[in-house]
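Survey of secondary and tertiary structure
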Amino acid sequence: MKRIFRFCMYFLALLWVIPLLWLIWTAIRPSQLATSLSFSVDFTLDNFIDAWQKAPFAQYYLNTFYIVFGILIVQLITATLAAYVFARLNFWGKKVIFILILVQLMIPIDVLIFPNYNVLRDLSLLNTKLGIMIPYFATAFGIFLLRQRFKSVPYELEEVAKLEGCGILETIWKVYVPLAKPTYIAFGLVSVSYHWSSFLWPLIVTDSAQNRPLTVGLSLFAQSFETGAQWAEVSAATFMVIFPLLLAFFIFQKEFISSFMQSGIK
Amino acid sequence: MKNGWRNSTFKVNFYSWLFLLPSLIFLTIFTFYPILKTIYQSFFQSMQGEHDSVFIGLDNYKYLMEDEVFWEVIKNNIWYALGTVPTSIILAMMMACFVNAKIRAKSWIRTFFFYPTVIPTIAIANIWLFIYTPGYGLINHILSWFGIGSVNFLGQSETVMAAMIVMIVWKQAGYFMIFYLAGLQNIPTNLYEVAKIEGTSAWNTFKTITFPLLMPTTLFVFIISLTNAFKLVDHIIVMTQGGPNNASNLLLYYIYQVAFRFWDKGLASALTVIMLMIMVIIAVIQFFSLDRKIHYS
Amino acid sequence: MKFNFKKNVVLTLTLFLLILAGCTNSTTTKTDDISKGSKKEKIELSFYFPVSVGGPVTKIIDQLAEDFMAENPTIKVNPIYAGSYADTMTRAQTSVQGGNPPDLAVILATELYTLRSMDAIEPLDRFIEDDYINDFYEGFLENSQADGKTWSIPFQRSTPVMYYNKEAFAKAGLNPEKPPKNWDQLLSYAKKLTIKDGSGEVEQWGVEIPSSGFPYWLFQGFALQNGKNLMSDDGKEVYFDTPENVEALQFIVDLSRKYGVMPKNVIDWATVPSDFMKGKTAIMYHTTGNLTNVKNNADFEFGVAYQSANKSYGSPTGGGNLYIFKDIPEEHKKAAWKFIKWLTTPKRAAQWSIDTGYIATRKSAYETKLMKDYVKSFPPAAVARDQLEYASAELSTYNNGRIYQVINDNLQAAIVGDKSPAEALKDAQQEADRILKPYN
């Protein structure tokens, strides 16, 4: 019984890794071989070179970096401030606001594509990187995650900081932020990988290479071959897009996994 | 000792609101206001090009009730949820139990299960599109070894939904595995020691100890995967555009079509309202079934 | 202990403002560029275009834009690749709705009514000199003109054509110089061309007619061969469920479901050329825009022919026209027109056709030495042009996107066997009537 289970799971793991191997296999072989499964030893980087030359992937990379880290920085600030308030202060209307923020956890912004498109149009932010980022600046998820952590910070530490003459922002900066570092890393990883992957919203908002993130660029690239799918080149482009994430994942595997764990359960 | 500004109710309130302000501004502009505006707009008709909208009451909703595509989409989404949610949960649980045990190549196995999580859905769609392609795709190559002819997975209504479900399960099972791993680590080891002494079989141990104690995690994962079933539509754009004959169309993709291909604002709003209602229903399920203390406080 | 109240308030607010400022900076750069440009009196044009043929069209377009700018230093053209035809249309609509339309764009010729009902495009008559427009093929102009005005200039235009593998024909005992002329021949040839291996699996199909993405286009060819066009000239009515059309759809469905000479279910537009070049199908229906791609990549001799006739030959036109948008400054319109005129000179139209396989849209392009030499060395290059004699306007109505969705869904339903051809076309008709009702 146990053996069967183990065998099945090893087999499953193998199944799970096959799509990646298939992608790499297709990407590094001459494009005319993409349609056959012959096991020759041909190796080429031409597909990568072609893909890189045919679409401005460098620009897409920059855009994605800008968008992802732009969102993260603002999120960290807004979430830290709000989390502190919820963790430590009692103020008028706390419960109502708390529930309002819960609403965002219930209703992901991703389903509001149409109304938010209209909002963006009214703000004249269509086809800007800010337009892609701005709906995500407030993060209920980040607020709850940090509030959780801040609550476990001993109150005495705040007292000490005050004795030393720290103001409220200084207290947050010097006491809470350093102690919540693992939570920040967790939140950062989750936020970055989420926004790195997001597609539908930037697709709707952007219409020039100047502002397109990688995901949108990749889908346009993949669809630009109506005369016959160019699997080798598309695979190469796909690999280029996922490579940094995979690399980061393999290097920071432990942090990644423990962050994702923290993100859900605390 | 004095507490400084904390003694002043005014100042505490002032700071609280000041610090909440940035979050509240963005939440208002991009969550609350759009929700209210959508509900309002769903009672109006404004077709492409026409700048004035006409109040038509519930006509958009009536239209939807008669719209075959709408019902097809709802039906598809239910199947999509039924296909992805339980499978992902069961697989994730099995993966976690497996990876948590003493096995060879543990961290490699864990990596293999988890890595699809960090790949954007759109990239996954590219990969799987080629896996499913009739004639040249990986699966069809393998089938041909067994003498089975080319199957057009994405081109026929019988298989297209199943093909997408398999892909999504592949993408998200490893993600849920992580939550189960966390859950497993919270189970006291002495419970297992007792079971071992009593000679309980592995399956019984799982049934009486592991599974019940993982229940909160299961509920949590259930909610996430259910929400995902309504949120994840990126792959449709690359793989099928909802076809053949809407067999793979899902609610959010239908909203995208109605809003940005047909420019029927009223109908798109009504569809969004229905989407919101589904989200609220999921939240209600969560509220009643989850011990909220586990996650939010 | 004294707490620095003011300092904190100021700090928080500054921080917040800094964020916003940082963000807005990035958005204003674009307008900065433009205002700088206008100082030098350079007109900047944004130009959306789709790619739907093989070959490095993006590069060709970029090169064209550069050549144009070299000759016209006061105008700067920014070509923006916007995806497929449907994506480009969506993009353009989104931008128009957002109050920031492109200056010009290549969009499907059939989007005329939709763009007009959005009041998005500029009529071009005031720019056009008579002899200029008369040089374009009438078949292409059908989708350009409405209400006595010309709204767009034919640019990357195509028709579906039949590609066939001469070697496969010879092997099957068919004359490689005689492609099927009518539906009966198409069927009987396809039967001969379908080859099965020992286990009964098909190694080579007789014919492939793609049915993903825009199945209506190829269906329309069959409808025209069997009767009349799918819509009225004013784009307010469609005629989907005529007996002739049911017969046409039945024929397509029968090719796969009854006779087994074509793969079942939805055949992907993008894999059909691969199948053809790999010898997995002996005949394919595909756009002429693919000609150069097939020419460069097929390692066997192939021929190009008209789509088979039934009652007559027939074909829809297809492809994109150049549009100028309405809500842009007058000088931009003039500059855009200059660019359009430059793009459509006979010599450039000829070169464009040679590079891609699209039909050169002007008659005089085929009179250039460049084109004459090319046709002489590669006769298939003229087939699509000659087929224009039998071509009619592509399906185009008000609320086009929705009509396409309805007809495509139902065609696919018939192709995968969910509905009978008669049912499918009847459903499509009813739904289309409902959609077009407000316009009648």
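A quick note: this is a predicted structure, and the numbers were derived from the prediction, not measured.

**Quick notes on the overall build of chain C**
A count of helical and extended segments in chain C gives 18 helices and 14 strands. Expressed as a percentage of contacts within chain C between residues at least 6 apart in sequence, the contacts between residues at least 24 apart total 75%.

**As for the overall build of chain B**
What chain B contains, in helices and strands, is 14 helices and two strands. Against the globule reference of 19 Å for 297 residues, chain B gives a C-alpha radius of gyration of 24 Å, more extended than a compact globule. Taking the principal axes of the C-alpha coordinates as reference, chain B spans close to 85 × 75 × 30 Å. Counting all 297 residues of chain B, 51% fall into the buried class. In chain B, 69% of the contacts between residues at least 6 apart in sequence involve partners at least 24 apart.

**Re the interface of chain B and chain A**
On the chain A side, the residues contacting the 75 residues of chain B number 70 residues. Here the side of chain B that touches chain A gets 18 residues from one element, more than from any other, and that element is helix α1 (residues 9-41) of chain B.

**Here's the deal with the UniProt feature "transmembrane region" (unreviewed entry) in chain B**
Residues and elements named next belong to chain B. Using the residue numbers shown here, the UniProt feature "transmembrane region" (unreviewed entry) corresponds to residues 12-36, 78-100, 112-132, 138-155, 162-182, 213-233 and 269-290. Span residues 12-36 is 100% helix and 0% strand, its end C-alpha atoms 31 Å apart. Structurally, residues 213-233 is divided into 86% helix and 0% strand, and its ends, taken at the C-alpha atoms, are 33 Å apart.

**Quick word on the interface of chain B and chain C**
Counting residues at the interface gives 25 residues for chain B, matched by 31 residues for chain C. Here the side of chain B that touches chain C gets four residues from one element, more than from any other, and that element is α1 of chain B. Of the residues belonging to the side of chain B that touches chain C, the class tally is eight nonpolar, 14 polar and three charged.

**A short note on the domain arrangement of chain C**
Residues and elements named next belong to chain C. Annotation of chain C at the domain level lists domain 1 (43-158 + 319-391) and domain 2 (160-316 + 399-439). Once you take the C-alpha centre of each, domain 1 and domain 2 turn out to be 27 Å apart. Facing the 23 residues of domain 1 at the interface are 22 residues of domain 2. Secondary structure elements with two or more residues in the side of domain 1 that touches domain 2: α4 (112-117), α14 (346-356) and α16 (383-387). Broken down by element, the residue count for the side of domain 1 that touches domain 2 peaks at three residues, all from α16. Of the residues belonging to the side of domain 1 that touches domain 2, the class tally is eleven nonpolar, ten polar and two charged.

**Here's the deal with the pairing of strand β13 (residues 318-324) of chain C**
Residue and element names in this part refer to chain C. Counted residue by residue, β13 has seven buried out of seven residues, so it is predominantly covered. Where strand β3 (residues 104-108) and β13 come together, five bridges link them in antiparallel fashion. The residue bridging Val106 from the neighbouring strand is Leu322, located in β13. In this structure, strand β6 (residues 153-158) lies alongside β13, joined through five bridges in antiparallel fashion.

**Quick notes on the environment of Gln351 of chain C**
Relative to the elements of secondary structure, Gln351 of chain C occurs in helix α14. In sequence terms Gln351 of chain C and Thr368 of chain C are 17 residues apart; their C-alpha atoms lie 10.0 Å from each other.

**Observations concerning the sheet that holds β3 of chain C**
All names here are of chain C. Overall, mixed pairing links the five strands, which are arranged β2-β1-β3-β13-β6 in an open sheet. Two strands close off the open sheet at either side, each with one partner strand: β2 (75-81) and β6. Each neighbouring strand pair of the sheet contributes to a mean axis angle of 20 degrees, computed without reference to strand direction. Sheet topology note: the strand β1 (residues 43-49)/β3 ladder contains two bridges and is parallel. Bridge pairing in β3 links Tyr48 to Ala105.

**Focus on the sheet that holds strand β7 (residues 160-165) of chain C**
Here five strands make up an open sheet; going across it, the order is β8-β9-β10-β7-β11 (chain C) and the pairing mixed. Looking along the sheet, the strands with just one partner apiece sit at the ends: β8 (195-196) and β11 (302-305) of chain C.

**Structural notes on the nonpolar core**
Judged by nonpolar contacts, the single largest core of 293 residues is most densely connected at Ala92, Met177, Leu252 and Ile255 of chain B together with Leu104 of chain C. It is helix α7 (residues 157-185) of chain B that provides the largest number of residues to this core, a total of 17 residues. The residue makeup of this core includes at least three contributed by each of domain 1 (43-158 + 319-391) and domain 2 (160-316 + 399-439) of chain C. If sequence neighbours within four positions are ignored, Met177 of chain B has contacts with Ala92, Met95, Ala96, Val99, Phe113 and Phe114 of chain B.

**Looking at the environment of Val261 of chain C**
All names here are of chain C. Here Val261 shows up in the loop between α10 (243-257) and α11 (271-277). Separated by 55 residues in sequence, Val261 and Gly206 have C-alpha atoms that sit 5.0 Å apart. With residues up to four places along the chain from it excluded, the contact list for Val261 reads Ala190, Lys191, Thr194, Trp205, Gly206, Val207 and Leu255.

**Considering helix α10 (residues 215-231) of chain B**
Its 17 residues place the ends of α10 of chain B 24 Å apart at the C-alpha level, agreeing with the 24 Å of an ideal helix rising 1.5 Å per residue. Every buried residue of α10 of chain B is accounted for by Thr217, Phe220, Val221, Phe222, Ser225, Thr227, Asn228, Ala229 and Phe230 of chain B.

**Describing the pairing of strand β9 (residues 202-208) of chain C**
Residue and element names in this part refer to chain C. Both β8 and β9 contribute to a ladder of two bridges, which runs antiparallel. Note that in β9 the partner of Ile195 across the bridge is Gln204. Bridge analysis of β9 against strand β10 (residues 281-287) gives three bridges, and the strand direction is parallel. Within β10, the residue paired with Trp205 across the bridge is Thr281.

**Regarding the confidence of the model for chain B**
Residues and elements named next belong to chain B. Looking at chain B as a whole, the pLDDT averages 87, with 93% of positions reaching at least 70. Here helix α14 (residues 293-296) stands out as the least confident element of chain B, with mean pLDDT 44; helix α3 (residues 68-100) is the most confident, with 94. Every residue in residues 292-297 scores below 50 in pLDDT, and together they form six contacts with partners more than four places removed in sequence or on other chains.

**Details of the packing of helix α12 (residues 214-222) of chain A against helix α13 (residues 231-251) of chain A**
All names here are of chain A. Where α12 meets α13, the axes come as close as 10 Å, and the angle between the chain directions of the two elements is 175 degrees. By the angle between their axes, α12 is roughly antiparallel relative to α13. Residue-level contacts link Leu214, Leu218, Phe221 and Ala222 of α12 to Val234, Ala237, Thr238 and Val241 of α13.

**Some words on the confidence of the model for chain C**
For any part of a model where pLDDT is low, the fine detail of the predicted coordinates should not be relied upon. All names here are of chain C. Summarising the model, chain C shows a mean pLDDT of 86, and 90% of its residues fall at 70 or more. Here residues 21-39 scores under 50 on pLDDT; set against residues more than four positions off or in separate chains, the count is ten contacts. The ipTM assigned to the predicted complex is 0.89, against a pTM of 0.87.

**As for unusual backbone geometry**
All names here are of chain C. The phi torsion at Asp119 lies on the positive side, around 55 degrees, for a residue other than glycine. In this structure, Asp119 sits in the loop between α4 and α5 (130-134). On the basis of neighbour count, Asp119 is assigned to the partly exposed category, with 13 C-beta atoms found within 10 Å. Phi at Asp147 is positive, roughly 55 degrees, even though this residue is not glycine.

How each quantity is defined
Residues numbered from 1 in each chain as written. Chains lettered and ligands numbered in written order. Predicted model: local features only at pLDDT ≥ 70, side-chain atom pairs only at ≥ 80, totals over all residues. Helix = DSSP H or I, 4+ residues; strand = E, 2+ residues; numbered from the N terminus. Contact = placed C-beta atoms within 7 Å. Rg over C-alpha atoms; globule rule 2.2 N^0.38 Å. Buried ≥ 20, exposed ≤ 12 C-beta atoms within 10 Å, placed from the backbone. UniProt positions renumbered as here; feature names shortened; annotations may be inferred. Nonpolar A, V, L, I, M, F, W, Y, C, P; charged D, E, K, R; others polar. Domains from an automatic or database assignment. Pairing = 2+ DSSP bridges. Axes fitted to C-alpha atoms, helices over the stretch in contact; angles between N-to-C directions. Core = buried A, V, L, I, M, F, W, Y, C linked by C-beta atoms within 7 Å. Expected span 1.5 Å × (residues − 1). pLDDT = per-residue confidence, 0-100. Parallel < 35°, antiparallel > 145°, perpendicular 65-115°, else oblique.

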